[in-house]
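This is what each chain is made of:
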Amino acid sequence: MSGYLAKMEEQGFEELIMVCDASCGLKAAVAIHSTVRGPALGGTRMWSYASEEAAIEDLMHLARGMSYKSAAAELPVGGGKGLIIGDPNKDKCPELFHSYGRFLNRLNKRFYTGKDMGVDEDDLTLMCDETECVIGGESVGSPSPFTAYGVWRGIRACAEEVYGSPNLEGKVVAVQGIGSVGESLCQHLVDEGASLIICDLDQERVKAAQEKWGARAVSPEDIYSQECDIFSPCAGGGVINEKTLPQLKCKIIAGAANNIYKTKEMAKAIQERGILYAPDYVINAGGLVFVEMHRQGITDQEKITAEVDRIEERLKMLFRRAREEQLLPAEIADIYAEERLQMR
Ligand code: NAD
């Protein structure tokens, strides 16, 4: 465990809390990066890692990322993340989630959480039996349509920057991954007159997209080399790398996936290829807005949509600043978030 306090100090963390409940096998941790803007907000994931060090490293990385995402979205919350260590396919039982819920209560509303990898709606419902610090479960619904809506608004901002107009009519968008965000995004794009190239590992989803929107389907390997205006990654992270970047023929990369590239050098290489990149945590914040507004008790869809609409203006402002300050959009997004991280 040595070195964590130094790392916390270096990265501005407030708390790292661990819990063990032998009665149900719960081993969990919560990292609270910042509560300057408000209580920390971030999902809880259930995952087994190669080592405890790898688990805590990932947890801290994700918690810090949430502070940036909340601050860039101008929400009155900070950043944190929860982790239940275990195999989501083998180690779940109701008492585990009840115990985790009671642990959250002991944090005195400094951390609110929701769904992340390995945790589903049923698990959240069990946590909700014990705590008010969980947003999700049956009564709240899915944030994904709001993430998709925000990505669509963000793509419009990108189109304005590159083509001089936000209008997507006639534009070709290659969507990687037709899951809960990708599917809803495709509908917005088609409604605006864009045409789709799609891929998914799941053939049922591919077939449905072909039938519903007349989308042209390609294999997951071929999606990168398609002639298109916009490439929209809505599956996993790390998809833009040394192998895929040279294949791209698009002018814009804008999608829901987190950490679309792994290294800073890649961000520079994207720009050098003449491609505009929409910073992931800015464009995919619609679901976070939905969760935070529910936390505040705001469930009115129009009010939530109006807040998500702001992603378009925010991205336009970031692109303008990036041009003026001769920095990458991703660098400006970090600066913008850091400016706000210190503000209530
Ligand atoms: P999902 O699991 O519902 O959908 C992902 C889809 O991508 C699935 O249909 C899967 O079969 C497909 N897929 C996986 N690997 C693929 C590959 N190599 N090529 C083609 N298709 C592939 O996930 P989701 O909730 O739609 O989220 C999509 C992405 O957006 C994820 O990276 C997620 O972290 C990110 N994100 C989601 C939300 C949200 O509100 N759901 C919010 C922010 C960010």
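Residue indices begin from 1 for each chain and proceed along its sequence in written order. Restriction of local features to residues with pLDDT of at least 70 applies here, the model being predicted, together with a cutoff of 80 or more for giving and counting side-chain atom pairs; totals for whole chains, interfaces and linings are based on all residues. Only hydrogens and water are set aside when side-chain values are computed; all heavy atoms of the structure are taken into account.

Visitor: Would you take a moment to explain the overall build of the protein chain for this structure?
Guide: Within the protein chain, the regular secondary structure consists of 12 helices and 12 strands. Throughout, radius of gyration means the C-alpha value; the globule benchmark is 2.2 Å times the number of residues raised to the power 0.38. Computed over the C-alpha atoms, the radius of gyration of the protein chain is 20 Å, within 12% of the 20 Å expected from 2.2 N^0.38 for a compact globule of 344 residues. Summarising its shape, the C-alpha atoms of the protein chain cover approximately 60 × 45 × 40 Å along the three principal directions. Exposure was quantified through the Shrake-Rupley algorithm and a 1.4 Å probe, taking into account, for residues, occlusion by the shown protein chains and nothing else. Looking at the protein chain as shown, the accessible area adds up to about 15,300 Å², and 48% of this sits on carbon and sulfur atoms. Labels follow the DSSP assignment, with helices taken as runs of H or I lasting at least four residues and strands as runs of E lasting at least two, numbered in each case from the N terminus.

Visitor: Would you explain the site of the ligand in this entry?
Guide: Around the ligand sit 19 residues in total, of which Thr147, Val181, Asp200, Arg205 and Ala235 are the nearest. One of the side-chain N or O atoms of Ser144 is found 3.1 Å from a nitrogen atom in the ligand. The separation between an oxygen atom of the ligand and a polar side-chain atom of Thr147 is 2.7 Å. Only α5 (144–163) and α6 (180–191) provide two or more residues apiece to the shell around the ligand. For this scheme, ten residues count as nonpolar: Ala, Val, Leu, Ile, Met, Phe, Trp, Tyr, Cys and Pro. Four count as charged, namely Asp, Glu, Lys and Arg, and the remainder, Gly too, count as polar. Classifying every residue of the shell around the ligand by side-chain character gives 9 nonpolar, 7 polar and 3 charged. Proximity is defined per residue: if any heavy atom of the residue lies within 4 Å of a molecule or strand, that residue is considered near it. Polar contact criterion, stated in full: a pair of N or O atoms within 3.5 Å, where within protein one must be able to donate a hydrogen and the other to accept it, and residues adjacent in sequence count only if both atoms are side-chain atoms.

Visitor: In this structure, what is going on with the layout of surface pockets? I would like to understand it.
Guide: If you roll a probe as big as a water molecule over the atoms, it shows you where there is empty space left. A 1.4 Å probe that fits into a set of points on a 1 Å grid over the protein atoms alone but cannot get out defines a cavity; an open set with protein on both sides within 12 Å along at least five of seven lines defines a pocket, and lining residues are those with an atom within 4 Å of a point. Grid points are joined across faces, edges and corners, and a volume is the space filled by probe spheres set on the points. In this structure, the second largest pocket occupies an estimated 200 Å³ of space. If you go around the second largest pocket, the residues you meet are Met18, Val19, Cys20, Lys27, Ala28, Ala29, Tyr49, Ser51, Glu52, Ala55, Ile56 and Ile85. Counting only elements with at least two residues in the lining of the second largest pocket, the list comes to β1 (15–21), β2 (26–34) and α2 (52–72). Classifying every residue of the lining of the second largest pocket gives 9 nonpolar, 1 polar and 2 charged.

Visitor: For this particular structure, what's the right way to read the packing of aromatic side chains?
Guide: Given two aromatic rings, one states the distance between the centres and the angle between the planes to describe the pair. Pairs were defined over the aromatic rings of Phe, Tyr and Trp, the Trp ring being its six-membered one, requiring ring centres within 6.5 Å. Orientation was assigned from the angle between planes: stacked under 30 degrees, edge-to-face over 60, tilted for the rest. In total, this model carries 6 aromatic pairs according to the counting rule given. Between Tyr224 and Phe231 the ring centres are 5.6 Å apart and the planes differ by 50°, which places this aromatic pair in the tilted class. Each residue is assigned to one of three classes by its accessible area relative to the maximum for its type, calculated with a 1.4 Å probe on protein chains only: buried under 20%, partly exposed between the two thresholds, exposed over 50%. Residue class for Tyr224 comes out buried when judged on its relative accessible area of 11%. In this structure Phe231 comes out as buried when scored by relative accessible area, which is 1%. Cation placement over rings: the criterion is NZ of Lys or CZ of Arg within 6 Å of the ring centroid and within 35° of the ring normal. Looking at Lys171, its charged tip hangs above the ring of Tyr163, at a distance of 4.3 Å from the centre. Positioned above the aromatic ring of Tyr336, the side-chain terminus of Arg340 is 3.8 Å from the ring centre.

Visitor: How should the domain arrangement of the protein chain be read in this particular structure?
Guide: For interface size, the figure often reported is the accessible area lost on association. The domains assigned to the protein chain are domain 1 (2–65 + 77–128) and domain 2 (144–287 + 294–340). Taking only C-alpha atoms into account, the centre of domain 1 sits 28 Å from that of domain 2. What fixes the domain bounds is an automatic or database domain assignment.

Visitor: Hey, could you run me through the nonpolar core in this one?
Guide: Nonpolar side chains in soluble globular proteins tend to end up buried together. The definition of a nonpolar core used throughout is a set of buried Ala, Val, Leu, Ile, Met, Phe, Trp, Tyr and Cys residues joined through side-chain atoms within 4.5 Å. Residues Tyr100 and Leu189 are the most contacted members of the largest nonpolar core, which totals 86 residues. Ranked by residues supplied to this core, first place goes to α5 with 9 residues. Mapped onto the domain boundaries, this core takes at least three residues apiece from domain 1 (2–65 + 77–128) and domain 2 (144–287 + 294–340). In this description, contact between two residues means that some pair of their heavy atoms is separated by no more than 4.5 Å. Those residues in contact with Leu189, other than ones at most four positions away along the chain, are Trp152, Ile155, Leu168, Val173, Val175, Ala194 and Leu196.

Visitor: Help me understand α2 in this model?
Guide: Turn by turn, an α-helix covers 3.6 residues, leaving residues three or four places apart pointing in a common direction. End to end, α2 covers 30 Å across 21 residues, agreeing with the expected 30 Å (1.5 Å per residue, within 8%). Backbone geometry just after α2 places Glu74 at a positive phi near 60°. By this rule the span expected of a helix is its residue count minus one, scaled by 1.5 Å.

Visitor: Any chance you could explain unusual backbone geometry here in plain terms?
Guide: A positive phi angle, close to 60°, is found at Glu74, a residue other than glycine. Note that Glu74 resides in the loop between α2 and β5 (78–85). Judged by its relative accessible area of 29%, Glu74 is partly exposed. Of note in the backbone geometry, Asn259 takes a positive phi value of approximately 50° without being a glycine. Positionally, Asn259 belongs in the loop between β11 (252–253) and α8 (264–272).

Visitor: It is not clear to me how the pairing of β1 should be interpreted in this structure. Could you clarify?
Guide: Inspection of the sheet shows β1 paired to β2 by 7 bridges, in the antiparallel sense. By the bridge assignment for β2, Glu15 is matched with Ile32. Strands pair, by our definition, only if DSSP identifies at least two bridges between them. In sequence, β1 turns back onto β2 through a hairpin of 4 residues, with Gly25 there showing a positive phi of about 80°.

Visitor: Would you take a moment to explain the sheet that holds β11 for this structure?
Guide: Across a sheet, strands are paired by hydrogen bonds formed along the backbone, either parallel or antiparallel in direction. With parallel pairing, 6 strands are arranged side by side in an open sheet as β9-β8-β7-β10-β11-β12. Of all the strands in the sheet, the pair left with one neighbour each is β9 (216–217) and β12 (276–277). Here strand β10 (residues 230–233) runs beside β11; their pairing, made up of 2 bridges, is parallel. Within β11, the residue paired with Phe231 across the bridge is Ile253.

Visitor: Help me understand α8, please; the structure alone is not making it clear to me.
Guide: What α8 keeps buried is the set Met266, Ala267 and Ile270. Buried residues of α8, viewed axially, fall in a sector of 105°; they line one side. Across from the buried face of α8, at angles greater than 90 degrees, the exposed residues are Lys264, Glu265 and Glu272. Packed against the buried residues of α8 are β11 and β12. Gly274 sits one or two residues past α8 and shows a positive phi near 80°. This arc describes the spread of directions from the helix axis toward the C-beta atoms.

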